[in-house]
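Architecture at a glance
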Amino acid sequence: MTETPDQAALRAFLRPYTTKSDGRGALSFAGTVAVYGVALVLGVWLAEAGQRGAAGLMVVVLAFASVRLYVLQHDCGHAALFRRKGLNDVVGYALSVFSLTPYRVMQYNHNQHHAYLGNLDHRETTEVYTMTLAEWQAAPWHRRLWYRLYRNPVVMLSLGGIYAYFIAYRWPRNTRVVGVWGVIAHNLMLAGYLTLIWATLGLVGLVVWGVSALLAGVIGVFLVYLQHNFEETYWDRKPSLDFRKATLVGSSSLDLGWLWDLGTGNIAYHDLHHYNPGIPSYNLRRCQRALPEALRAHDVIRWPEAIRSFRLKLWDEDAGRLVPFPKAETARMVAAE
């Protein structure tokens, strides 16, 4: 099922879910920060007590809390967490320390991503770059090698998160556009936060935080990939590009379980988010559960299909779907080895 539903009916259905609640926004924010703080302190205490298994569990909780705080910051960038834009901005700046992401940089990048979603002529705005099959076939060997490494799940999920959150966001490419001093202030706040962890929780505190941040990067890249990289996603070029179809068909709806939704702020229901970014994250799961079958753009993706989606590498413009690397060429490479 990859048809665009009736637009008027879908807009009417989604409208009530765009209502913001300062109470629910505050609960999401304060509750997640509380879980983050408890997981960090408990993780350190358990590690120092030699309880490695329990400490590891706290690291996982801390990682998911970090991802959830990033999602709430993302909500603030859309002015969707609270009713007042100013309050969204204040909270968004505060959350940037926990997400390792300068607020205005995130907001600018994400707005570009929304504006050019599904546009083959503007793939620089996507979080995960995708080559077309024709581009792959015409590419020299060194570009193919780079792309193979880039799209390798092990490389993408590990080094991708490290590069994005620990390196690229320290001085992003659009720093001059969004404001140099904002990025500098963010980096100083982050340095101050890490100094505070070291001063209060010691070296073990920095280790617990660092491992959780690495795991949060893996979770984040995993989500970012699956949000737009699945077999029946949508890409096209102008003038035939259909923006509404790109928001729905080109964005996935992931059903990975209630605990996953809790830990990731319901951002897995990405088709509804792209169609109407004004829906707060605390309304997304409820909205998706109530969505009538006639208004669904495609089937939900569950764990088996989510894992299989990582074998998809190239956009086949003729077939209109993501495909793996060509089998014949892969076989030749294996034989040569």
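One can find the structure itself at the top, above this paragraph.
Since we're looking at a predicted model, the values are computed, not measured.

1. Brief notes about unusual backbone geometry
Of note, the amide linkage connecting Lys238 to Pro239 takes the cis form, showing an omega dihedral of 10°. In this structure, Pro239 sits in the loop between α10 (180-228) and α11 (243-248). For Leu100, which is not glycine, the phi dihedral falls at a positive 65°. With respect to the secondary-structure elements, Leu100 resides in the loop between α4 (85-99) and α5 (103-115). The class of Leu100 is buried, set by a relative accessible area of 6%. Phi at Asn266 takes a positive value of approximately 65°, unusual for a residue other than glycine.

2. Section: the packing of helix α2 (residues 22-48) against helix α14 (residues 281-290)
In the contact formed by α2 and α14, the axes pass within 9 Å of each other and the chain directions differ by 105°. What the angle tells us is that α2 and α14 run roughly perpendicular. Here Arg24, Gly25 and Ser28 of α2 come into contact with α14, specifically with Tyr282, Asn283 and Arg286. Class assignment for the residues of the contact of α2 with α14 results in one nonpolar, three polar and two charged.

3. Structural notes on the packing of aromatic side chains
All chains considered together, the criterion is met by 20 aromatic pairs. When the ring of Phe222 is compared with that of Trp260, the centres are 5.7 Å apart and the planes differ by 70°; the resulting orientation is edge-to-face. Here the residue Phe222 occupies a position in helix α10, and Trp260 occupies one in helix α12 (residues 258-264), the gap between them amounting to 38 residues. The same class applies to Phe222 as to Trp260, namely buried. Aromatic pair Trp260 and Trp303: ring centres 5.4 Å apart, planes at 85°, arrangement edge-to-face. Of this pair, Trp260 sits in helix α12 while Trp303 sits in helix α15 (residues 303-308), and the two are 43 residues apart along the sequence. Among the aromatic residues, those joined into a cluster by ring pairs are Phe64, Phe222, Tyr225, Trp260, Trp303 and Phe310. For Arg244, the ring lying beneath its charged end belongs to Tyr275, and the centroid distance is 4.7 Å.

Conventions and cut-offs
- Residues numbered from 1 in each chain as written.
- Predicted model: local features only at pLDDT ≥ 70, side-chain atom pairs only at ≥ 80, totals over all residues.
- Heavy atoms only, no water.
- Helix = DSSP H or I, 4+ residues; strand = E, 2+ residues; numbered from the N terminus.
- Buried < 20%, exposed > 50% of the residue type's maximum accessible area, 1.4 Å probe, protein only.
- Axes fitted to C-alpha atoms, helices over the stretch in contact; angles between N-to-C directions.
- Parallel < 35°, antiparallel > 145°, perpendicular 65-115°, else oblique.
- Contact = heavy atoms within 4.5 Å.
- Nonpolar A, V, L, I, M, F, W, Y, C, P; charged D, E, K, R; others polar.
- Phe/Tyr/Trp six-rings, centres within 6.5 Å; stacked < 30°, edge-to-face > 60°.
- Lys NZ or Arg CZ within 6 Å of the ring centre and 35° of its normal.

Any functional reading would require information beyond the geometric quantities listed.
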